[in-house]
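These are the residues of each chain, in order.
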Amino acid sequence: MRHNDLTEARELLARARSVTVLTGAGVSAESGVPTFRGSDGLWKGSSALELASPDGFARNPHKVWEWYNLRRRTLLRVRPNPGHLALAELERRVPEFGLITQNVDRLHQAAGSKNVVELHGNIWEVRCTACHAVFDRTAVELPAEPRCESCLAWLRPGVVWFGEMLPPAALQTAEAWTERCELFLLIGTSAIVWPAAGLASIAKESCAKVIEINPEETPATELADISLRGKSGELLPRILGHA
Ligand code: OAD
């Protein structure tokens with residue numbers, strides 16, 4: 001594994017005809033969206049299971065919605081950063097490109113990325129807990145107690161919570177893209193939440209080169225061919241040849 005070999009990363013990217021990217025919360029950090037596990041992370045000071053699990057929601061839906069409504073309001077104010085924009089540009093350059101994200105903020109799409117799989121759902125959709133109807137509530141201020149229009153049961157955020165299955169079609173596509181790619185980029189993720197964390201190993205087993213971009217070491221670092229230490233909003237434009 002090589003550290004900080006920006007030149008080789010740039011060359012691999014320029015040559016690759018099939019690229020798959022996995023992103024996590026770190027890619028949105030420079031937009032002002034907090035990550036989950038950093039020193040100011042979202043999971044600090046409160047239990048993840050209280051705010052992001054079916055049991056937590058059953059116990060206190062008001063508290064869960066208060067937290068999601070706060071996150072929705074924060075996301076209304078943020079813009080894609082140069083890292084998101086570089087990934088959208090990469091998609092336009094590479095013949096076969098897929099972006100797998102664990103993020104629920106839709107900032108990749110806002111930056112212009114098209115071929116995106118949302119492994120953990122997204123925060124703008126809501127779903128009825130009784131009739132399972134799905135509603136798009138993008139950029140809409142929700143009431144403190146959001147209810148289904150048709151059956152009046154509680155709505156819940158359209159995200160994947162701890163203990164829940166990932167959307168099967170999204171996971172299948174993510175695995176297929178990972179198996180077929182020549183180059184796999186792992187960006188801004190602590191690489192500890194499964195099954196997303198297992199994708200880098202699938203890429204490696206399928207003989208892809210793996211490049212990690214993260215200011216810190218992660219469990220995936222040891223299988224990366226190149227590990228770039230730094231912020232994605234700074235490094236991605238550079239490996240695309242800007243500045
Ligand atoms: P984490 O908060 O676990 O990790 C964020 C990663 O981003 C860390 O490894 C940081 O070092 C890195 N990072 C911070 N700033 C960065 C920057 N500017 N550029 C690049 N990297 C940076 O977030 P995820 O790995 O996305 O799931 O977490 C995975 C899942 O755990 C989330 O989707 C969420 C959470 O619980 C659910 O809610 C189901």
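Residues numbered from 1 in each chain as written. Predicted model: local features only at pLDDT ≥ 70, side-chain atom pairs only at ≥ 80, totals over all residues. Heavy atoms only, no water.

Caption draft 1: Quick look at the packing of helix α1 (residues 6-15) against helix α10 (residues 232-239). Relative orientation of the contacting elements α1 and α10 amounts to 60 degrees, with a least axis distance of 9 Å. The orientation of α1 relative to α10 falls into the category oblique. Seen from α1, the contacting residues are L6, A9, R10 and L13; seen from α10, they are L235, R238 and I239. (Axes fitted to C-alpha atoms, helices over the stretch in contact; angles between N-to-C directions. Helix = DSSP H or I, 4+ residues; strand = E, 2+ residues; numbered from the N terminus. Parallel < 35°, antiparallel > 145°, perpendicular 65-115°, else oblique. Contact = heavy atoms within 4.5 Å.)

Caption draft 2: Structural view of helix α8 (residues 168-180). Taking 1.5 Å of rise per residue, 13 residues should cover 18 Å, and α8 covers 18 Å from first to last C-alpha, within 8% of that figure. Within the span of α8, buried status applies to A170, A174, W177 and T178. One face of α8 carries all of its buried residues, which in axial projection span an arc of 100 degrees. For α8, exposure combined with an orientation more than 90 degrees from the buried face picks out P168, A169 and Q172. (Expected span 1.5 Å × (residues − 1). Buried < 20%, exposed > 50% of the residue type's maximum accessible area, 1.4 Å probe, protein only. Arc of directions from axis to C-beta.)

Caption draft 3: Local environment of the side chain of S18. With respect to the element layout, S18 can be found in strand β2 (residues 18-23). A polar atom in the side chain of S18 sits 2.9 Å from the side chain of E96. Apart from residues no more than four positions distant in its own chain, S18 is found in contact with V94, E96, R180, C181, E182 and L183. (Polar contact = N/O pair within 3.5 Å; in protein donor to acceptor, adjacent residues only side chain to side chain.)

Caption draft 4: Layout of the nonpolar core. Counting 27 residues, the largest nonpolar core has W43, W65, Y68, I123, L155 and W161 as its most contacted members. When residues of this core are traced back to their parent elements, those giving at least two are α3 (48-51), α5 (61-76), β5 (121-128) and β7 (155-159). The element contributing the most residues to this core is α5, with five residues. The residues touching W43, leaving out its near neighbours within four places in the chain, are F36, R37, A48, L51, A52, W67 and F162. Judged by nonpolar contacts, the second largest core, of 25 residues, contains L12, V21, V94 and L183. (Core = buried A, V, L, I, M, F, W, Y, C linked by side-chain atoms within 4.5 Å.)

Caption draft 5: Looking closely at the packing of aromatic side chains. Summed over all chains, the structure comprises four aromatic pairs. Plain terms: the ring middles of F57 and W154 are 6.1 Å apart, the flat faces sit at 80 degrees to each other, and that makes the pair edge-to-face. Placement of the pair is F57 in helix α4 (residues 54-59) and W154 in the loop between β6 (134-136) and β7, with a sequence separation of 97 residues. For W154, a relative accessible area of 15% puts it in the buried group. (Phe/Tyr/Trp six-rings, centres within 6.5 Å; stacked < 30°, edge-to-face > 60°.)

Caption draft 6: Structural view of the site of the ligand. Near the ligand lie 22 residues; those nearest to it are F36, R37, T189, S190 and N214. G26 is positioned with one of its backbone polar atoms (N or O) 3.4 Å from a nitrogen atom of the ligand. At 2.8 Å, a side-chain N or O of H120 approaches an oxygen atom of the ligand. Taken by itself the ligand offers 790 Å² of open surface, and the protein chains cover 91% of this. A class-by-class count of the residues in the shell around the ligand yields eight nonpolar, 10 polar and four charged. (Near = heavy atom within 4 Å. Areas by Shrake-Rupley, 256 points an atom, 1.4 Å probe, with all protein chains shown as cover. Nonpolar A, V, L, I, M, F, W, Y, C, P; charged D, E, K, R; others polar.)

Caption draft 7: Structural view of the packing of helix α6 (residues 82-93) against α10. Two numbers describe how α6 lies on α10: the axes approach to 7 Å, and their chain directions differ by 30 degrees. Classified by the angle their axes make, α6 and α10 are roughly parallel. With respect to the hand of their crossing, α6 and α10 are arranged in left-handed fashion. Residues P82, G83, A86 and L87 of α6 lie in contact with α10, whose contacting residues are S232, G233, L236 and P237. (Left-handed = near helix turned anticlockwise from the far one by under 90°.)

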